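Analysis of the macromolecular model
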Amino acid sequence: MIGSRTTSRPVRGVPALVAAIASAIAVPVSFVFGIRAALDGSGSGSAVFQVVFILGLVIAVAAIVVSIVHLVRGARKALPIVTIVVALLPFAGVLVVFLVNLNAS
């Protein structure tokens with residue numbers, strides 16, 4: 001039927017996937033450059049990189065929530081699952097850095 005609500009639009013999950021990819025890139029880049037700016041002796045602060053880092057993590061959480069909503073509503077399963085996996089990468093990276101630092105002490 002035309003206009004039926006049961007039809008699935010694969011385009012709906014694409015913005016969440018793009019947001020997850022952007023987050024997976026922004027979080028590690030801002031982390032590395034933020035550390036470099038914080039340890040640099042030139043006086044330039046790392047506040048911008050901290051904001052980008054936090055925004056990247058918030059965007060990743062939003063992508064996960066949107067993907068879970070798509071799964072609950074009965075959308076095709078491949079795109080939301082890929083989005084969840086990609087959105088979890090920044091969190092895994094932060095956890096790995098924390099654990100490496102914990103074991104280095």
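Read on for a plain summary of the structure. All figures in this text were calculated on a predicted structure; none of them were measured in a lab. (Residues numbered from 1 in each chain as written. Predicted model: local features only at pLDDT ≥ 70, side-chain atom pairs only at ≥ 80, totals over all residues. Heavy atoms only, no water.)

**Digging into the nonpolar core**
Worth spelling out the cut-off: In plain words, nonpolar cores are sets of buried Ala, Val, Leu, Ile, Met, Phe, Trp, Tyr and Cys residues tied together by side-chain atoms within 4.5 Å. Relative accessible area decides the class of each residue, using a 1.4 Å probe on protein chains only: under 20% of the type maximum gives buried, over 50% gives exposed, and in between gives partly exposed. Two residues form a contact once any of their heavy atoms are found within 4.5 Å.
Leu 17, Ala 20, Ala 63, Ile 64, Val 86 and Ala 87 form the largest nonpolar core, which has six residues in total. When residues no more than four places from it in sequence are discounted, the contact partners of Ala 63 are Ala 16, Ala 20, Thr 83 and Ala 87.

**A short note on empty space enclosed by the protein**
Going by this rule: Both cavities and pockets are sets of points on a 1 Å grid over the protein atoms alone; in a cavity a 1.4 Å probe fits but cannot get out, in a pocket the set is open with protein on both sides within 12 Å along at least five of seven lines, and lining residues sit with an atom within 4 Å of a point. Grid points are joined across faces, edges and corners, and a volume is the space filled by probe spheres set on the points. Helix and strand definitions here come from DSSP, where helices need a minimum of 4 consecutive H or I residues and strands a minimum of 2 consecutive E residues; each element is numbered from the N-terminal end. Residue classes follow a fixed rule: Ala, Val, Leu, Ile, Met, Phe, Trp, Tyr, Cys and Pro count as nonpolar, while Asp, Glu, Lys and Arg count as charged, and any other residue, Gly among them, counts as polar.
Per the counting criterion, the structure on display carries one cavity of 30 Å³ or more. Taken as a whole, the largest cavity encloses approximately 40 Å³ of empty space. Elements with a contribution of two residues or more to the lining of the largest cavity: helix 2 (47-72) and helix 3 (78-104). Broken down by class, the residue content of the lining of the largest cavity amounts to four nonpolar, four polar and no charged.

**Quick look at the layout of surface pockets**
There is about 180 Å³ of room inside the second largest pocket. In this structure, the second largest pocket is lined by Ala 24, Val 27, Pro 28, Phe 31, Phe 53, Leu 89, Pro 90, Gly 93, Val 94, Val 97 and Phe 98. Here the lining of the second largest pocket gets six residues from one element, more than from any other, and that element is helix 3. Here the residues of the lining of the second largest pocket sort into ten nonpolar, one polar and no charged.

**Description of the side chain of Ser 23**
Basically, it comes down to this: What qualifies as a polar contact is a pair of N or O atoms within 3.5 Å, subject to a donor-acceptor requirement within protein and to the restriction that residues adjacent in sequence count only when both atoms come from side chains.
Looking at the secondary structure, you find Ser 23 in helix 1 (residues 14-39). On the accessibility criterion, Ser 23 (1% relative accessible area) is buried. From its side chain, Ser 23 meets the backbone oxygen of Gly 56 in a polar contact 2.6 Å long.

**Some words on helix 2**
Defined as follows: What a helix is expected to span follows from its residue count: subtract one and scale by 1.5 Å.
Compared with an ideal rise of 1.5 Å per residue, which puts 26 residues at 38 Å, helix 2 spans 38 Å between its outermost C-alpha atoms and is within 8% of the ideal. Phe 53, Gly 56, Leu 57, Ala 60, Ala 63, Ile 64, Ser 67 and His 70 are the residues of helix 2 that are buried. Buried-residue contacts for helix 2 involve helix 1 and helix 3. Note on helix 2: the residue one or two positions beyond its end, Gly 74, has a positive phi of about 90°.

**Some details on the environment of Pro 80**
The topology assignment puts Pro 80 in helix 3. The residues touching Pro 80, leaving out its near neighbours within four places in the chain, are Ser 67, His 70 and Leu 71.

**Re the packing of helix 2 against helix 3**
Going by this rule: Every axis in this analysis is a line fitted to C-alpha atoms, fitted for helices over the stretch in contact. Angles between the N-to-C directions lie between 0 and 180 degrees. Every angle not falling under 35 degrees, over 145, or within 65 to 115 is termed oblique; those three ranges are roughly parallel, roughly antiparallel and roughly perpendicular. By definition, any crossing whose near helix is turned counterclockwise from its far helix by less than a right angle is left-handed, and any crossing with a clockwise turn is right-handed.
Interhelical geometry of helix 2 versus helix 3 gives an angle of 150° and a closest axis separation of 9 Å. As the angle between them shows, helix 2 and helix 3 are arranged roughly antiparallel. Where helix 2 crosses over helix 3, the two elements pack in a sense that is left-handed. Taking contact as the criterion, the partners of Phe 53, Leu 57, Ala 60, Val 61, Ala 63, Ile 64, Ser 67, Ile 68, His 70 and Leu 71 in helix 2 are, on helix 3, Pro 80, Ile 81, Thr 83, Ile 84, Ala 87, Leu 88, Pro 90, Phe 91 and Val 94.

None of the figures reported here should be taken as evidence of function without further support.
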